[in-house]
Amino acid sequence: MLSVRSLNTEYKTQKGPPVKAAQDVSFEVPKGMFFTLLGPSGCGKTTTLRSIAGLERPVSGEIEVNQRVVYSSPRGIFVPPNKRNFGMVFQSYAIWPHMTVFANAAFPLEVGRASLSSQQIRAKVMKVLEAVALDHLAERDATKLSGGQQQRLALARALVMEPELLLLDEPLSNLDAKLRDRMRFELKRIQRELGLTTIYVTHDQGEALALSHEIAVMNEGRIVQIGAPRAIYERPHNRFVADFIGSANFVDATVLGRDSATGLWRVRAAFGDLLATAEAELVPGARVTLSVRPEDVELSEEAAPEGRLLNTCTATVDAKVFLGDVVDFQVKVGDYMLMSRAHPSLRTPVGGTINVRMDPHRCVALPDELSAAKAA
């Protein structure tokens, strides 16, 4: 449905070379998918979205939607944003304060190129207001809406034109935490009920994991990994992705080779040999970093049973924080501090000895990025 190929977008500066905001960005988004561009501030995600919208003119690449090319540097094609038929919602909802809810949603139809009767406009507007649960507030002044209602109104205004593509640039960032969580469910419901192909930009990892069918993680203008939320979280390709998506423990290690019994990789850390999985083929003797999520660091006051001795060790509780439904532990293994998330029933005191087990299939060996760069 959406195809972005080798997209490069730059910003000119008064002094010095141009800023390369998006570099060789490529991805495909099938019809009806919720696709998220995720990354820290300045990584190029908004620039990529604005390039798709036509609000920025890339220096090279191609963008195609439903087999219609809207930008191509080789063919000299650039379709203006008002002719792309894309809906867009920004961080600032830009609600017209002097208009009612109905008038705000109807505005794009009234100024659009299509000549519609008042009955046709009303039917279209009420349909989208019903989809975003604002039909009962159609005659209310826009200024009297709550933050969440204003967000839904901005969405309705984007949907009323029946866009081929819905582009969302951090639309929930101005809401408070509770409302933002509630709006995630609303946005997911609307997108899936209407079958909208959606490109979403956010720096919020939880938001991306909760909403997306697929995520592209960006860093320094480039896409560093694309995958389903669970794959991105459980099988990061490098340390940046592992560190940016949620919390992770990192342990330096050296590759010993394949373990004949399990087929996993055997690596040597400062506190002993461990088994781990890896997305790429590893080389014996190479340096790696093990990434282990806190929830995969299992703690117990009892020694591991005979059949579960892999990746076990003894640690000392250094600190713990009670969070109600869970307790976050910091435990010291040699010179390493590991984070673990455990059930509140575990009451080992600070300074106490505790047994640690890390599931070998949840320990991900990431190639050392400096070594990989030298090898390349």
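Residues numbered from 1 in each chain as written. Predicted model: local features only at pLDDT ≥ 70, side-chain atom pairs only at ≥ 80, totals over all residues. Heavy atoms only, no water.

### Side note on the overall build of the protein chain
Logical step 1: Of the regular secondary structure elements, the protein chain holds 9 helices and 21 strands.
Logical step 2: Principal-axis analysis of the C-alpha atoms gives the protein chain an extent of 75 × 50 × 40 Å.
Logical step 3: The buried share of the protein chain, reckoned over its 376 residues, is 47%.
Logical step 4: Pairs at least 24 residues apart make up 63% of the contacts formed inside the protein chain by residues separated by at least 6 positions.
Logical step 5: Total accessible area on the protein chain is roughly 18600 Å²; 50% of this is exposed by carbon and sulfur atoms.
Logical step 6: Considering the protein chain, the positive charge centre built from 44 side chains and the negative charge centre built from 43 side chains are found 6 Å apart. (Helix = DSSP H or I, 4+ residues; strand = E, 2+ residues; numbered from the N terminus. Buried < 20%, exposed > 50% of the residue type's maximum accessible area, 1.4 Å probe, protein only. Contact = heavy atoms within 4.5 Å. Areas by Shrake-Rupley, 256 points an atom, 1.4 Å probe, with all protein chains shown as cover. Lys, Arg positive; Asp, Glu negative; His and termini not counted. Charge placed at Lys NZ, Arg CZ, Asp CG, Glu CD.)

### Concerning the pattern of salt bridges
Logical step 1: In the structure shown here, the tally under the stated rule is 18 salt bridges.
Logical step 2: Notably, a salt bridge pairs Glu-234 with Arg-362, separated by 3.0 Å at the nearest N-O pair. Here Glu-234, found in helix H7 (residues 229-234), pairs with Arg-362, found in the loop between strand E20 (353-358) and strand E21 (364-367); they are 128 residues apart in sequence, far enough to count as distant.
Logical step 3: The partly exposed category is assigned to Arg-362, whose relative accessible area is 33%.
Logical step 4: Asp-328 is paired through a salt bridge with Arg-341; the nearest N and O atoms lie 2.7 Å apart. Taken together, the residues span a long stretch of sequence, with Asp-328 in strand E18 (residues 327-333) and Arg-341 in strand E19 (residues 336-342) at a distance of 13 residues.
Logical step 5: A residue is classified by how much of its surface remains accessible, and Arg-341, at 43% relative accessible area, is partly exposed.
Logical step 6: Overlapping salt bridges bring together Arg-5, Glu-62, Glu-64 and Arg-75 as one network. (Salt bridge = Lys/Arg side-chain N within 4 Å of Asp/Glu carboxyl O.)

### Some thoughts on helix H4 (residues 147-159)
Logical step 1: With 13 residues, H4 ought to run about 18 Å at 1.5 Å a step, and its terminal C-alpha atoms sit 19 Å apart, in line with that.
Logical step 2: By the criterion of burial, H4 is predominantly enclosed, with 11 of the 13 residues buried.
Logical step 3: Elements in contact with the buried residues of H4: strand E7 (86-89), helix H2 (101-111), helix H3 (118-131), strand E8 (165-169) and helix H5 (177-194). (Expected span 1.5 Å × (residues − 1).)

### Examining the sheet that holds E7
Logical step 1: Spatial ordering of the open sheet is given by E7-E8-E9-E3-E10-E11, a layout of 6 strands whose pairing is mixed. What marks the edges here is a single partner per strand, and that holds for E7 and strand E11 (222-227). Averaged over all pairs of adjacent strands, the angle between strand axes in this sheet comes to 20°, irrespective of strand direction.
Logical step 2: Looking at chain direction, strand E3 (residues 34-38) and strand E10 (residues 214-219) are connected through 4 bridges and run parallel. (Pairing = 2+ DSSP bridges. Axes fitted to C-alpha atoms, helices over the stretch in contact; angles between N-to-C directions.)

### Focus on the confidence of the model for the protein chain
Logical step 1: With 96% of its residues at a pLDDT of 70 or more, the protein chain has an overall mean of 90.
Logical step 2: Between residues 370-376, whose pLDDT stays under 50, and residues either more than four places distant or in other chains, the model counts 1 contact. (pLDDT = per-residue confidence, 0-100.)

### What about the pairing of strand E1 (residues 2-11)?
Logical step 1: Relative to strand E4 (residues 60-65), E1 runs antiparallel, the two being bridged by 5 bridges. Its bridge partner lying in E4, Arg-5 is registered against Glu-62.
Logical step 2: As paired elements, E1 and strand E2 (residues 19-29) share 7 bridges and run antiparallel to each other. Of the residues in E2, the one forming a bridge with Glu-10 is Lys-20.

### Description of the environment of Ile-77
Logical step 1: As for its placement among the helices and strands, Ile-77 is situated in strand E6 (residues 77-78).
Logical step 2: In sequence terms Ile-77 and Gly-147 are 70 residues apart; their C-alpha atoms lie 39 Å from each other.
Logical step 3: Discounting residues that sit within four places of it in the chain, Ile-77 has contacts with Val-69, Val-70, Tyr-71 and Ser-72.

### What about the environment of Leu-175?
Logical step 1: If you trace the backbone, Leu-175 turns up in the loop between E8 and H5.
Logical step 2: Measuring from C-alpha to C-alpha, the distance between Leu-175 and Ser-146 comes to 9.9 Å, with 29 residues separating the pair along the chain.
Logical step 3: Once you skip the residues sitting within four places of it in the chain, Leu-175 turns out to touch Tyr-93, Gly-147, Gly-148, Arg-180 and Met-183.

### So, the nonpolar core
Logical step 1: The biggest cluster of nonpolar side chains holds 37 residues, and the ones touching the most others in it are Val-125, Leu-129, Leu-153, Leu-155 and Leu-159.
Logical step 2: Of all the elements in the fold, those that place two or more residues in this core are H2, H3, H4, E8 and H5.
Logical step 3: With 6 residues, H4 is the single largest residue contributor to this core.
Logical step 4: Filtering out sequence-adjacent residues up to four positions away, Leu-159 remains in contact with Val-128, Val-132, Leu-166, Ile-190, Leu-194 and Leu-196.
Logical step 5: Counting residues in hydrophobic clusters, the runner-up holds 31 residues, among them Val-267, Leu-290, Phe-329 and Cys-363. (Core = buried A, V, L, I, M, F, W, Y, C linked by side-chain atoms within 4.5 Å.)

### Here we look at the packing of aromatic side chains
The relative placement of two aromatic rings is captured by the distance of their centres and the angle of their planes.
Logical step 1: Tallied over the entire structure, the rule returns 6 aromatic pairs.
Logical step 2: Between Tyr-71 and Phe-78 the ring centres are 6.4 Å apart and the planes differ by 80°, which places this aromatic pair in the edge-to-face class.
Logical step 3: Tyr-71 sits in the buried class, given a relative accessible area of 4%.
Logical step 4: Considering the side-chain rings of Phe-240 and Phe-244, the 5.7 Å spacing of their centres and the 10° angle between planes classify their relative orientation as stacked. (Phe/Tyr/Trp six-rings, centres within 6.5 Å; stacked < 30°, edge-to-face > 60°.)

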